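Inside the fold
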Amino acid sequence: MLPEPNPADDTTSGGIVHRFTVQRGMLVAIVIETTDWYSGLLQAAIARARIEGTN
C-alpha cells in the first residue's frame, strides 16, 4: 500500500512557490504563496487595495 501524500509539503508538487507579502505599515498582514506568479501578484495587489482602502 502506498503512503498518503503530505498536503503540507509543497516541494512534492515540483513547482516553484512564489511568496508575496502584503504589509500594513511595518507589519506583515498577509503572505500569499502560489505557484502561479501572475495570480499571486494580482492577489497581492487586490489585498493591498482592500487593506489600505484605496482603489
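The structure we're discussing is the one just above.
All values derive from a computational prediction rather than experimental measurement.

Here we come to a nonpolar patch on the surface. Taken together, W37, Y38, L41, L42 and I46 make up a surface patch of nonpolar side chains, about 550 Å² in accessible area. Looking at the element boundaries, W37 is found in helix 1 (residues 37–52). Looking at W37, the relative accessible area reads 47%, which means it is partly exposed.

So, about the nonpolar core. Core analysis: the biggest nonpolar cluster contains five residues, these being F20, V22, I32, A44 and A47. Elements with a minimum of two residues in this core: strand 1 (18–24) and helix 1. In contact with V22, not counting residues within four places along its chain, are L27, V28, A29, I30, I32, A44, A47, R48 and I51.

What follows covers helix 1. Taking 1.5 Å per residue as the helical rise, helix 1 with its 16 residues ought to reach 22 Å, and the 23 Å between its terminal C-alpha atoms agrees with that figure. For helix 1, every residue scored as buried is listed here: G40, A44 and A47. Taken down its axis, helix 1 places every buried residue within 65 degrees of arc, on the same side. In helix 1, those exposed residues whose orientation departs by more than 90 degrees from the buried face are Y38, I46 and R50. Backbone geometry just downstream of helix 1 places G53 in the positive-phi region, at approximately 80 degrees.

For the rest of this paragraph, the subject is the pairing of strand 2 (residues 27–34). Here seven bridges tie strand 1 to strand 2, and the two strands are oriented antiparallel to one another. Its bridge partner being in strand 2, R19 is matched across the sheet by E33. With antiparallel pairing between neighbouring strands as the criterion, strand 1 and strand 2 make up a hairpin whose turn holds two residues, including G25 at a positive phi of roughly 70 degrees.

The rules behind each value
- Residues numbered from 1 in each chain as written.
- Predicted model: local features only at pLDDT ≥ 70, side-chain atom pairs only at ≥ 80, totals over all residues.
- Heavy atoms only, no water.
- Patch = residues over 30% accessible without salt bridge, like charges linked within 9 Å, V, L, I, M, F, W, Y side chains within 5 Å.
- Areas by Shrake-Rupley, 256 points an atom, 1.4 Å probe, with all protein chains shown as cover.
- Salt bridge = Lys/Arg side-chain N within 4 Å of Asp/Glu carboxyl O.
- Helix = DSSP H or I, 4+ residues; strand = E, 2+ residues; numbered from the N terminus.
- Buried < 20%, exposed > 50% of the residue type's maximum accessible area, 1.4 Å probe, protein only.
- Core = buried A, V, L, I, M, F, W, Y, C linked by side-chain atoms within 4.5 Å.
- Contact = heavy atoms within 4.5 Å.
- Expected span 1.5 Å × (residues − 1).
- Arc of directions from axis to C-beta.
- Pairing = 2+ DSSP bridges.

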